[in-house]
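# A closer look at the structure
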Amino acid sequence: MRVLRPSRTPAAVVVAAVLALLGWALTAVVVAVMLGVSPPWRLPSRLLNLTPADPAVPAAAVGMIVCGAALVALALVPGRPRLVPLECRDPLLAMGLTRAGLRRTLAASAREVEHVRRADVHILRRRIEVAVVADADTTGALLREVGAAVGDRLSGLGVQSRQEVVVRLRRRGG
């Protein structure tokens, strides 16, 4: 499951580029000021005359702390996986199926049940909802058949999620 989670590479590249540019600019200004040479670009005099007692300094520090905490939270919280993990006997192999592909596969297995005209599948966090349109009068048996067909397909694929399958029936024309 961990292998299939998306990385935070785009965010990390943006943050690294911004920090590198700011660091290089600050280094150039500090070296220029230490050598008594004017900085490579013109800075406002108010910015060059800042002291720790100036109210802008603590405000900038708080802003940096908040941005840093947000970046750490972004790095620690895993992203939503784009693939549904599938079981595999080989520990060096990771396989997954897209959520759309899983929805189509489960809908196809539900449509294979007799009297089912249409099936819509929604994959939620804790359950998989299958809404079927049928014109059969045996609702209980039909619901069990659809649930069994979808459950068999899930186990046949080796989907690692522990989601409950919920089947809802809609009558044709209603």
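Only a predicted model underlies this, so the values are computations on that prediction, with no experimental measurement involved.

### Focus on the nonpolar core
- By size, the foremost hydrophobic cluster in this structure holds 22 residues, and its most contacted members are Val130, Val132 and Val146.
- Listing elements by their share of this core, those giving two or more residues are β1 (83-86), α4 (99-111), β3 (116-123), β4 (127-134) and α5 (139-157).
- Per-element tally for this core: the top contributor is α5, with five residues.

### As for the confidence of the model for the protein
- Counting all residues, the mean pLDDT for the protein is 82, and 92% of those residues have values of 70 or more.
- Confidence, read as mean pLDDT per element, is least for helix α2 (residues 45-48) in the protein (74) and greatest for α4 (91).

### Comments concerning the environment of Gly151
- Checked against the element boundaries, Gly151 lands in helix α5.
- As for Gly151 and Ala110, which are separated by 41 residues in sequence, their C-alpha atoms are 9.8 Å apart.

### Brief notes about a positive patch on the surface
- On the surface, a cluster of positive charge is contributed by Arg80, Arg103, Arg104, Arg125 and Arg126.
- Within the element layout of this structure, Arg104 appears in helix α4.

### Details of the pairing of β3
- Pairing geometry for β3 and β4, over seven bridges, is antiparallel. Its bridge partner lying in β4, Asp120 is registered against Ala131.
- Hairpin connection from β3 to β4: three residues lie between these consecutive antiparallel strands.

### With respect to the side chain of Glu129
- Looking at where Glu129 falls in the secondary structure, it is placed in strand β4.
- A distance of 2.8 Å separates a polar atom in the side chain of Glu129 from a polar atom in the side chain of Arg127.
- Leave out the neighbours within four places in its chain, and Glu129 touches Asp120, Val121, His122, Leu124, Val166 and Arg168.

### Brief notes about a nonpolar patch on the surface
- Side chains of Val14, Val18 and Leu22 sit close together on the surface and give an oily, nonpolar patch of about 280 Å² of accessible area.
- Position of Leu22 among the secondary structure elements: in helix α1 (residues 9-34).
- With a relative accessible area of 55%, Leu22 lands in the exposed category.

### What to know about the packing of α4 against α5
- Direction vectors running N to C along α4 and α5 enclose 135 degrees, while the axes themselves pass 8 Å from each other. Judged by the inter-axis angle, α4 sits oblique to α5. Of the two possible hands of crossing, α4 and α5 adopt the one that is right-handed. Between α4 and α5, the contacting residues are Leu102, Thr105, Leu106, Ser109 and Ala110 on the first element and Val146, Ala149, Val150, Arg153, Leu154 and Leu157 on the second.

Thresholds applied
Residues numbered from 1 in each chain as written. Predicted model: local features only at pLDDT ≥ 70, side-chain atom pairs only at ≥ 80, totals over all residues. Heavy atoms only, no water. Core = buried A, V, L, I, M, F, W, Y, C linked by side-chain atoms within 4.5 Å. Buried < 20%, exposed > 50% of the residue type's maximum accessible area, 1.4 Å probe, protein only. Helix = DSSP H or I, 4+ residues; strand = E, 2+ residues; numbered from the N terminus. pLDDT = per-residue confidence, 0-100. Patch = residues over 30% accessible without salt bridge, like charges linked within 9 Å, V, L, I, M, F, W, Y side chains within 5 Å. Areas by Shrake-Rupley, 256 points an atom, 1.4 Å probe, with all protein chains shown as cover. Salt bridge = Lys/Arg side-chain N within 4 Å of Asp/Glu carboxyl O. Lys, Arg positive; Asp, Glu negative; His and termini not counted. Charge placed at Lys NZ, Arg CZ, Asp CG, Glu CD. Pairing = 2+ DSSP bridges. Polar contact = N/O pair within 3.5 Å; in protein donor to acceptor, adjacent residues only side chain to side chain. Contact = heavy atoms within 4.5 Å. Axes fitted to C-alpha atoms, helices over the stretch in contact; angles between N-to-C directions. Parallel < 35°, antiparallel > 145°, perpendicular 65-115°, else oblique. Left-handed = near helix turned anticlockwise from the far one by under 90°.

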